[in-house]
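So you can see what is in the structure, the chains are spelled out below.
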Amino acid sequence: MILEEGRVVANTAIGELGALLQVHAPGVAGRAAAGQFVHVRPGRGWDPLLRRPYSFNRIDRRAGDIEVIVKPLGTGGEWIAERGPGDALDLLGPLGSAFVVRRDTRNLLLVAGGTGIAPMRVLAEREAARRNVTLVMGGRSVAHLWPSERLPASVEYVTTTEDGSFGVRGRVTDVLPRLLVWADQLMACGPWPMLAALGRMRDDAARGPTVPGRAPLLEAQVAVEQHMGCAMGVCRACVIVTAQGNARVCREGPVFALADVRFEAGEPATVGLP
Amino acid sequence: MPWRRPRRREERAYESRESPEERLERASEAEEERDTVELAALDGASIVEAATGEPEADGSAPSLVIDASRIDEARAARDAARPEEGVDLSVEVARGLRLRNPVLAASGTFGQGTEYAELIDVSRLGAVVNKGTTRNPRPGNPQYRIAETPAGILNSIGLENPGAEEVARTYGPRWAKLGVPVVVNVAGYSVDDYVFVVETMLGTPAVVAFELNVSCPNVKGGMLFGCDPLLAAEVTRAVKQVTDLPVIVKLTPNAPDVVAVARAVEEAGADGLTAINTVLGMRIDVARRRPILGTGSGGLSGPAIRPIALHLTYQVAQAVSIPVIGAGGVTSARDALEFLMAGASAVQVGTATFADPEAPLRVVEGLAAYVRAQGLASIRELIGAALPARGAPLAE
Ligand SMILES: Cc1cc2nc3c(=O)[nH]c(=O)nc-3n(C[C@H](O)[C@H](O)[C@H](O)COP(=O)(O)O)c2cc1C
Ligand code: FES
């Protein structure tokens, strides 16, 4: 990881998801991978103090650009969300672990809840030319969904909204069973309750017989969102409980094996600070 | 750095990776490439895939180049110019402990010193204080453990650490290569606990002193030692009996009479003091109608507590004759100068590092620039410059 002063190229509002910031940062872009994040300083001063972690939403190594979705949470989040073209942005990254797509995967199933779309979009863009990709996107309403025109044309997508304003009324987990039968590999990112629901599906599958759709659940990888301090692995503010004991979301994570996350140990957070 | 491709499919996604610190260590020994090749041979991935964890993109630049550049960066960072060179910044931070400069990384904000070594040249610091180390491994407190406050943060980590034996075993060899002295921060619930940790850590490479955390507000009982002059003295005395290394006692601002504690531990043989640990504080999540932190309250740090820390440093420095290390909200050389002039012999930089990982080095550089600009022979001339007893006004 490096410290880099990025330059904002564009700031586009994406419904209720937040501001989509395109930032020229060739150093970070050149090292970044899907699932990893960048820790952004909200200004040059000490109030607000903490950097904010944002998962890469797009990585363009050739252009040296990254994109992140910024929810205007707290004064720090607001400051970052308000940056416009030409503004400097103090970046620390890329940080954390990345998703790993198996070579022999033909059908890749991606599941995104809310701003959890970020790493799924990176995966979709990278993998669409190599294998069949289906993306399930869920949100509270249509305004919380990622716009489909910003996805590669070859990616199939299924949408769910809690209020039924677009796509299937319900949650992403409602549409998963039929897709799991198709999938070779499953990757997901979203709020804790969504991942916990996936965890329960996995537990059921682990107990059940060997049926189609079982393998992708057992081997699923998920990216967790959590409050952070340093994001360098030193403060241990970000830990969640896993099969191996406490794990730092900023270092061992944010990408974990679904099977390892101990969801019953409690809800860590949604992204950003209250 | 992206992770490695797991060696076997059934292996857990993140288990097969080493920590980035470990990787850096190996990179410096130029083993990275060989290992990558071995990994690739193991699971049939290409070298690029093994290095990046990503399938190789057709026609795109090989990602292995990125790894090589990281190694160069780490080297370049290490060999980078040191603007502080040639300026006498050395200070005695505790009786019997002289450091090359008066800037230490504060406990709990710098891990085991190895993590930030990936980003900055830690060998330019005066010393690194490691995360609070206890007798047994501790899992720490429930979430949330951190919350933002005006110009500061609240934390309630709960002394999560792998225990003294594991710290000595795992980090001793790495500390030997860090190029910076290490002060071990010791925490406990009984006098025996403190003694056990100190005895366990004795002989660990690079360890030059112990800092007794008698002030962590997050753990039940921790409050006791730091708040009661008699108990604080008892711990100090017991630890002094088992080690010849300097023993620094870290004061809590939450004690009813901080100066009394300072005097008591000096009397008991402490070689230095750190002032201060975090200040008790709280935030409420209005939507949920309950405290944000899992433990309810936590420790406040950052610029928000700087005036409190400065005031206590000023008071304690006048009350004792052992060196005092100032801590609390130091972000810049100017802040550090305030502490030095208030009687501190050195400062610790903690929370500021989270916002700016280069903050501790900027303090070192800034102090050197100040000493130069003021034409001083040594930074030591500034220590206590603002204390009433000395009353020496600054030139200009
Ligand atoms: C996340 C965090 C963890 C800390 N852990 C410890 C600890 O383990 N032992 C200790 O003595 N002090 C600990 N501290 C206190 C700091 O070392 C320091 O005394 C305090 O934060 C004030 O300095 P600052 O404002 O520069 O951070 C911790 C502080 C923070 C923010
Ligand atoms: S945020 Fe500090 S250890 Fe993860």
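Residues numbered from 1 in each chain as written. Chains lettered and ligands numbered in written order. Predicted model: local features only at pLDDT ≥ 70, side-chain atom pairs only at ≥ 80, totals over all residues. Heavy atoms only, no water.

Enquirer: Explain the overall build of chain A here, please?
Expert: Broken down by element type, chain A carries six helices and 16 strands. The C-alpha radius of gyration computed for chain A amounts to 18 Å, which stays within 12% of the reference 19 Å derived for 274 residues, consistent with globular compactness. Taken over the C-alpha atoms alone, chain A extends approximately 55 × 40 × 35 Å along its principal axes. Counting over 274 residues, chain A shows a buried share of 64%. (Helix = DSSP H or I, 4+ residues; strand = E, 2+ residues; numbered from the N terminus. Rg over C-alpha atoms; globule rule 2.2 N^0.38 Å. Buried < 20%, exposed > 50% of the residue type's maximum accessible area, 1.4 Å probe, protein only.)

Enquirer: Sorry, what's going on with the pairing of strand E10 (residues 156-161) of chain A here?
Expert: Each regular strand displays side chains that alternate between the two surfaces of the sheet. Bridging between strand E9 (residues 132-139) of chain A and E10 of chain A involves six bridges; their strand directions are parallel. Each bridged residue has a counterpart across the sheet, and for Val136 of chain A the counterpart in E10 of chain A is Val158 of chain A. (Pairing = 2+ DSSP bridges.)

Enquirer: Explain the site of ligand 1 here, please?
Expert: Residue and element names in this part refer to chain B. Neighbouring residues of ligand 1: 23 residues in total, closest Ser107, Lys250, Gly302, Gly329 and Thr351. Here an oxygen atom of ligand 1 sits 3.2 Å away from a polar atom, N or O, in the main chain of Gly132. When ligand 1 sits alone it has 610 Å² of accessible area, and the protein chains cover 98% of it. For ligand 1, the cavity whose grid points lie within 2 Å of the majority of its atoms is the largest cavity. Each residue belonging to the shell around ligand 1 can be placed in one class, and the counts come to six nonpolar, 15 polar and two charged. (Near = heavy atom within 4 Å. Polar contact = N/O pair within 3.5 Å; in protein donor to acceptor, adjacent residues only side chain to side chain. Areas by Shrake-Rupley, 256 points an atom, 1.4 Å probe, with all protein chains shown as cover. 1 Å grid on protein atoms, 1.4 Å probe; cavity = no way out; pocket = protein on both sides within 12 Å on 5 of 7 lines; lining within 4 Å. Sits in = over half its atoms within 2 Å of the grid points. Nonpolar A, V, L, I, M, F, W, Y, C, P; charged D, E, K, R; others polar.)

Enquirer: How should I be thinking about the sheet that holds strand E3 (residues 103-105) of chain B in this particular structure?
Expert: Each strand in a sheet pairs with its neighbour through backbone hydrogen bonds, running either in the same direction (parallel) or in the opposite one (antiparallel). Residues and elements named next belong to chain B. The strand order around the closed barrel built from eight strands is E3-E4-E7-E8-E9-E10-E15-E16, with neighbouring strands paired in parallel fashion. Taking each pair of neighbouring strands and ignoring which way they run, the sheet shows an average axis angle of 25°. Of the strands in this sheet, strand E9 (247-251) and strand E10 (272-275) touch helix H9 (residues 258-267), which is tilted by about 170° from E9. (Axes fitted to C-alpha atoms, helices over the stretch in contact; angles between N-to-C directions. Contact = heavy atoms within 4.5 Å.)

Enquirer: Please explain the packing of aromatic side chains as it appears in this structure.
Expert: The geometry of an aromatic ring pair comes down to the distance between the two centres and the angle between the two planes. Residues and elements named next belong to chain B. All chains considered together, the criterion is met by four aromatic pairs over all chains. On the basis of an interplanar angle of 20° and a centroid distance of 5.0 Å, the ring pair of Phe110 and Tyr116 is categorised as stacked. Both residues of the pair, Phe110 and Tyr116, count as buried. Between Tyr194 and Phe225 the ring centres are 5.3 Å apart and the planes differ by 75°, which places this aromatic pair in the edge-to-face class. With Tyr194 in helix H6 (residues 191-201) and Phe225 in helix H7 (residues 222-227), the pair connects residues that are 31 residues apart, well separated along the chain. (Phe/Tyr/Trp six-rings, centres within 6.5 Å; stacked < 30°, edge-to-face > 60°.)

Enquirer: Would you explain the environment of Cys230 of chain A in this entry?
Expert: Within the secondary structure, Cys230 of chain A sits in the loop between strand E13 (221-223) and strand E14 (239-242). Cys230 of chain A sits in the buried class, given a relative accessible area of 1%. Taking the C-alpha atoms as reference, Cys230 of chain A lies 8.5 Å from Cys250 of chain A; in sequence the two are 20 residues apart. In contact with Cys230 of chain A, not counting residues within four places along its chain, are His39, Leu92 and Cys235 of chain A together with Tyr116 and Phe354 of chain B.

Enquirer: Whenever I open this one, the confidence of the model for chain B confuses me. Can you help?
Expert: Detailed reading of the predicted model is not advised wherever pLDDT is low. Residue and element names in this part refer to chain B. For chain B, per-residue confidence averages 83 on the pLDDT scale, and 76% of positions sit at 70 or higher. This model gives residues 217-222 a pLDDT under 50, and the stretch forms 19 contacts once residues within four places in sequence are excluded. Across the interface, the model reports ipTM at 0.94; the global pTM reads 0.87. (pLDDT = per-residue confidence, 0-100.)

Enquirer: Help me out: how do you make sense of the packing of helix H11 (residues 333-341) of chain B against helix H13 (residues 359-373) of chain B in this one?
Expert: Packed helix pairs are characterised by how far apart their axes lie and by the angle those axes make with each other. Residue and element names in this part refer to chain B. As a packed pair, H11 and H13 sit with axes 8 Å apart at the nearest point and diverge in direction by 65°. Classified by the angle their axes make, H11 and H13 are roughly perpendicular. For H11 against H13, the interelement crossing comes out right-handed. Together, Ala333, Ala336, Leu337, Leu340 and Met341 of H11 and Val363, Gly366, Leu367 and Tyr370 of H13 make up the contact between the two elements. Per-class residue counts for the contact of H11 with H13 are eight nonpolar, one polar and no charged. (Parallel < 35°, antiparallel > 145°, perpendicular 65-115°, else oblique. Left-handed = near helix turned anticlockwise from the far one by under 90°.)

Enquirer: Can you help me understand the sheet that holds strand E2 (residues 18-24) of chain A in this one?
Expert: Residue and element names in this part refer to chain A. Here we have seven strands laid out as an open sheet, ordered E4-E3-E7-E1-E2-E6-E5, and antiparallel in their pairing. In the strand order of this sheet, the two ends are held by strand E4 (52-55) and strand E5 (58-60), each with one partner. Sheet twist, expressed as the mean angle between neighbouring strand axes with direction ignored, is 35°. In this sheet, strand E7 (residues 88-95) lies alongside strand E3 (residues 37-40) in antiparallel orientation, the contact comprising three bridges. In the strand pairing of E7, Val40 is matched with Leu91.

Enquirer: I tried to follow the pattern of salt bridges on my own but got confused; where do I start?
Expert: Where side chains of opposite charge bring their charged atoms close, a pairing between them can arise. Enumeration over the complete set of coordinates arrives at 33 salt bridges over all chains. In this structure, the salt-bridge partner of Glu127 of chain A is Arg130 of chain A, at a minimum N-O distance of 3.3 Å. Taking the relative accessible area as the measure of exposure, Glu127 of chain A reaches 0% and is therefore buried. Given the relative accessible area of 31%, Arg130 of chain A is considered partly exposed. One salt bridge in this structure joins Glu166 of chain B and Arg169 of chain B, with 2.9 Å as the shortest N-O distance. Placement of both Glu166 of chain B and Arg169 of chain B in helix H5 (residues 164-178) is noted, with a separation of three residues, approximately one turn of the helix. Among the residues examined, Arg169 of chain B registers a relative accessible area of 56% and is labelled exposed. The network of salt bridges with common partners includes Arg58, Asp60, Glu67, Arg121 and Glu125 of chain A. (Salt bridge = Lys/Arg side-chain N within 4 Å of Asp/Glu carboxyl O.)

Enquirer: Explain the nonpolar core to me, please; I cannot follow it from the model alone.
Expert: Core analysis: the biggest nonpolar cluster contains 153 residues, and Leu273 and Leu367 of chain B have the highest contact counts within it. Examining the composition of this core, we find that eight residues originate from one element, H13 of chain B, more than from any other. Two domains each donate at least three residues to this core, and these are domain 1 (2-95) and domain 2 (107-265) of chain A. Counting residues in each nonpolar core, the second largest holds 48 residues, with Ile69, Leu89, Ala112 and Cys189 of chain A among its members. (Core = buried A, V, L, I, M, F, W, Y, C linked by side-chain atoms within 4.5 Å. Domains from an automatic or database assignment.)

Enquirer: Any chance you could explain the domain arrangement of chain A here in plain terms?
Expert: Residues and elements named next belong to chain A. Split by domain assignment, chain A resolves into domain 1 (2-95) and domain 2 (107-265). Relative to domain 2, the C-alpha centre of domain 1 lies at a distance of 22 Å. Counting each side, the surface lost to burial between domain 1 and domain 2 is near 1900 Å², with a carbon and sulfur contribution of 68%. The largest per-residue losses of area from domain 1 upon contact with domain 2 belong to Leu17, Ala34 and Asn57, which jointly make up 25% of the total buried on that side. On the surface where domain 1 and domain 2 come into contact, there are two salt bridges. For Glu125, the salt bridge is made with Arg58, and the minimal N-O distance between the two is 2.9 Å. Our enumeration of links across domain 1 and domain 2 arrives at five residue pairs in polar contact (both at pLDDT 80 or more). Mapped onto the side of domain 1 that touches domain 2, the elements with two or more residues apiece are strand E1 (2-14), E3, E4, E5, strand E6 (65-70) and E7. A per-class count over the side of domain 1 that touches domain 2 returns 12 nonpolar, six polar and four charged. (Buried area = accessible area lost by both parts, 1.4 Å probe.)

Enquirer: Is there a simple way to explain empty space enclosed by the protein in this structure?
Expert: If a probe the size of a water molecule is rolled over the atoms, the empty space left behind becomes visible. All names here are of chain B. Taken as a whole and assessed by the stated rule, the structure comprises seven cavities of 30 Å³ or more. What the largest cavity holds in volume is close to 490 Å³. Together, 35 residues line the largest cavity, and Ser107, Thr109, Asn155, Asn277 and Thr278 are the ones closest to its centre. Where the lining of the largest cavity is concerned, the elements lending two or more residues are strand E6 (152-155), strand E16 (346-349) and helix H12 (352-355). (Points joined across faces, edges and corners; volume = space filled by probe spheres on them.)

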